[in-house]
Amino acid sequence: MPKGGRSMTTEEKNKILELRKSGKSIREICEIVDRSNDTVHSLVNSNVDHFSKCPVCGFEIAVLKGPGRKRVYCSDECRRSKKNRKVEERVCLNCGKHFVTWKYKRIKYCCHSCYVEYRYGKRLQDKSP
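Being a predicted model, the structure only gives us computed values, none of them experimental. (Residues numbered from 1 in each chain as written. Predicted model: local features only at pLDDT ≥ 70, side-chain atom pairs only at ≥ 80, totals over all residues. Heavy atoms only, no water.)

Looking at the packing of helix α2 (residues 26-33) against helix α3 (residues 37-44)
Then step 1. Direction vectors running N to C along α2 and α3 enclose 120 degrees, while the axes themselves pass 9 Å from each other. Crossing of α2 against α3: the hand is right-handed. For the pair formed by α2 and α3, the contact residues are Ile26, Ile29, Cys30 and Val33 on the first element and Asn37, Val40 and His41 on the second.
Then step 2. Its residues placed into classes, the contact of α2 with α3 shows 5 nonpolar, 2 polar and no charged. (Axes fitted to C-alpha atoms, helices over the stretch in contact; angles between N-to-C directions. Helix = DSSP H or I, 4+ residues; strand = E, 2+ residues; numbered from the N terminus. Left-handed = near helix turned anticlockwise from the far one by under 90°. Contact = heavy atoms within 4.5 Å. Nonpolar A, V, L, I, M, F, W, Y, C, P; charged D, E, K, R; others polar.)

Description of the packing of aromatic side chains
Then step 1. This model, assessed by the stated rule, comprises 2 aromatic pairs.
Then step 2. Between the aromatic rings of tyrosine 109 and tyrosine 118, the centroid separation amounts to 5.4 Å while the plane-to-plane angle is 50 degrees, which identifies the pairing as tilted.
Then step 3. On the basis of relative accessible area, tyrosine 109 is assigned to the buried category, the value being 18%.
Then step 4. By way of ring pairs, the aromatic residues Tyr109, Tyr115 and Tyr118 are connected into one cluster.
Then step 5. A cation over a ring is seen here: lysine 13 above phenylalanine 51, with NZ or CZ 4.8 Å from the ring centre. (Phe/Tyr/Trp six-rings, centres within 6.5 Å; stacked < 30°, edge-to-face > 60°. Buried < 20%, exposed > 50% of the residue type's maximum accessible area, 1.4 Å probe, protein only. Lys NZ or Arg CZ within 6 Å of the ring centre and 35° of its normal.)

A closer look at the nonpolar core
Then step 1. One finds Ile16, Leu17, Ile29, Val33, Val40, Leu43 and Phe51 to be the most contacted residues of the largest nonpolar core, which totals 13 residues.
Then step 2. If you list the elements that add at least two residues to this core, you get α1 (10-21), α2, α3 and β1 (48-53).
Then step 3. Residue contributions to this core peak at 4 residues, all from α2.
Then step 4. Not counting residues up to four positions away in its chain, the partners in contact with isoleucine 29 are Ile16, Leu19, Arg20, Lys24 and Val40. (Core = buried A, V, L, I, M, F, W, Y, C linked by side-chain atoms within 4.5 Å.)

See below:
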């Protein structure tokens, strides 16, 4: 069994952790995944729940066991990257000006005065003395 020096993929690591959760012994897992006892033992006894990949760069992340929010990004740079932005550019329905707003809000106007002008039109201007 050639076992020296090859790195494990994310899928292999997750498979080892799933086999352990299903009740398999470390020796059985070693035979199934063709890895050394030390490699499997160190992975199983670590504080890792599972492995995932950063959605921006694809770097492997160890998601730890225990309470709290699970890691999604590998670094602050990936978390703040342009691919992950939650804002978008829109066009004001009233004046046609481009403005930036939150992606999931239903904002249609660049400012309150454009909203009032679009919504009420000339009625407000006619009422003024």
